[in-house]
Amino acid sequence: MIKVDNVHKSFDDAHVLKGISTVFEKGKTNLIIGQSGSGKTVFLKCLLGLFTPDEGNISYDGKIYSSLSSDEKRDLRQEMGMVFQGSALFDSMTVEGNVMFPLEMFTKQSKSEMKDRVDFVLKRVNLDEAHNKFPSEISGGMQKRVAIARAIVMKPKYLFCDEPNSGLDPKTAILIDNLIKEITEEYDITTIINTHDMNSVMEIGEKIVFLKNGLKEWEGTKHEIFKTDNEAVTNFVYSSDLFKKVRQMYIEERN
Amino acid sequence: MNYLASIGSYAIMIKEVFKKPTKWSIMRSLILKEIDELIFGSLGILIFISFFIGGVVAIQTALNITSELIPKNLVGFATRQSIILEFAPTFCSIIMAGKVGSYITSSIGTMRVTEQIDALEVMGVNALNYLVFPKIIALFLYPFIIAIAMYVGICGGWVAGVFGGFSTSADFIEGLQLDFIPFHVTYSFLKTLVFAFVLATIPSYHGFYMKGGALEVGKASTTSFVWTSVVIIILNYILTQLLLG
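Because the structure is a prediction, the values reported are computed rather than measured. (Residues numbered from 1 in each chain as written. Chains lettered and ligands numbered in written order. Predicted model: local features only at pLDDT ≥ 70, side-chain atom pairs only at ≥ 80, totals over all residues. Heavy atoms only, no water.)

Please clarify how the interface of chain B and chain A should be interpreted in this entry.
Interfaces are often sized by the amount of accessible area the parts lose when they come together. Taken together, the 17 residues of chain B in the interface contact 23 residues of chain A. Of the roughly 1700 Å² buried where chain B meets chain A, counting both sides, 65% is carbon and sulfur surface. For Lys45 of chain A, the salt bridge is made with Asp118 of chain B, and the minimal N-O distance between the two is 3.8 Å. There are 4 residue pairs in polar contact (both at pLDDT 80 or more) connecting chain B and chain A. Among the residues making up the side of chain B that touches chain A, the classes are represented as 8 nonpolar, 4 polar and 5 charged. (Contact = heavy atoms within 4.5 Å. Buried area = accessible area lost by both parts, 1.4 Å probe. Salt bridge = Lys/Arg side-chain N within 4 Å of Asp/Glu carboxyl O. Polar contact = N/O pair within 3.5 Å; in protein donor to acceptor, adjacent residues only side chain to side chain. Nonpolar A, V, L, I, M, F, W, Y, C, P; charged D, E, K, R; others polar.)

In structure tokens, the structure reads:
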């Protein structure tokens, strides 16, 4: 569980995060949504420890990040997995090398143990035939799956995903969403996804935090988002005619 | 003010490079990879340039000897002095600032743009140690290629001088041995070691702290080349004053 308490973050004169408080629960896919410039990426980077909040605290299962020593912070970082928007795979390494990298860096496992673990996670993300390919030789969807495999290879307690299905076709995007949800449940991890993909919201949004101008405007589940009267949320989520109709049908069905 | 801030963040970067070392088994393979890329990868171009510059120095010296009173062995002497004191350590380092420096800035800059450096940091890896330290260690071998550049440059001078009819082989070799001061070679290697550190760190700094996209990677490479060259030239002056002045 990650608890965020009154987090503020500014860059020069720009006050990007203006006191965000929320709780991201374990074993659930937690979504951060909001328009571009609402502070989602800065918030995610604060959660990852890449940015230090100017005010407020972030605690990971009771451990307050700002009060940890640098060694404790490094240990905590090793419990985090991250899937970047552009996958951020290391160009000079093969798929296998990319996934094995955290194991080589931080464990004392033998080569065969590492190989077994890499084979297992690559199979888990349905990529058991791309071991020796380089990132430039595989598709965007496959790169995302490699990134997920790399993020989970160390059995993390926290999984962060920044726009995991951006640039993917709708079918692959749903596959990636479902894969993240399955992994979250299977490993009982706290997953936080930064997205503005409405399919993801409707499919896997077990907890949704909506940011607007650096403030938490709304939070709830994918079921609650259908019923909310919050104008900012409805304007954002149901901006297309299709989603407006879906919402109308959902409400009528419920009534 | 901006320059001061840059010098400050460069100093902080250097400190970070030596903190939280990467596992030795991984670092060893990174160092070997960088030696292959930065040292062996530069050998060809430096040999090619050294040979021809040595030749040009010999020809120009010979063509400027107009008085019969000036001994013919001056061609070999001037070639040796020019190559050992300046061409090999300084001129080659400027060439390396273009070749190796641009490579370092663009490779690290691309990693920054594509979030690969963020990925390292999120994993808890000291990205500066992982990326910059192997380059510094690899470039400690830089004096070896400079020694080769000295040798090839002098050979180039001999070939151009003798086969071009500007000097006899005996005169040239006599000039090479004339008033030889071994400390000049030491001075040259000391300069080279300092330049090697500059070549590894200034381009890394420009790549690591760059902001923006692909266009900015190109701009960072150019800026890195300019600043590496400027620093090498200033340090060349200071070191010459300190060691020979």
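Following the structure, the description resumes.
How should I be thinking about the packing of aromatic side chains in this particular structure?
To describe a pair of aromatic rings, one takes the distance between the centres and the angle between the planes. Applying the stated criterion across every chain, the model contains 16 aromatic pairs over all chains. Where Phe101 of chain A meets Tyr130 of chain B, the ring centres are 5.5 Å apart and the plane angle is 85 degrees; that geometry is what we call edge-to-face. Taken as a pair, Phe101 of chain A in helix H3 (residues 95-106) and Tyr130 of chain B in helix H5 (residues 127-139) lie in two separate chains rather than in one. Accessibility assignment for this pair places Phe101 of chain A and Tyr130 of chain B in one class, buried. Each member of the aromatic cluster is reached from another via a ring pair, and the members are Tyr10, Tyr205, Phe208 and Tyr209 of chain B. Note that Arg150 of chain A overlies the ring of Phe90 of chain A, its terminal NZ or CZ placed 4.8 Å from the centroid. Note that Arg112 of chain B overlies the ring of Phe208 of chain B, its terminal NZ or CZ placed 4.8 Å from the centroid. (Phe/Tyr/Trp six-rings, centres within 6.5 Å; stacked < 30°, edge-to-face > 60°. Helix = DSSP H or I, 4+ residues; strand = E, 2+ residues; numbered from the N terminus. Buried < 20%, exposed > 50% of the residue type's maximum accessible area, 1.4 Å probe, protein only. Lys NZ or Arg CZ within 6 Å of the ring centre and 35° of its normal.)

Distances and angles like these do not, on their own, reveal function.
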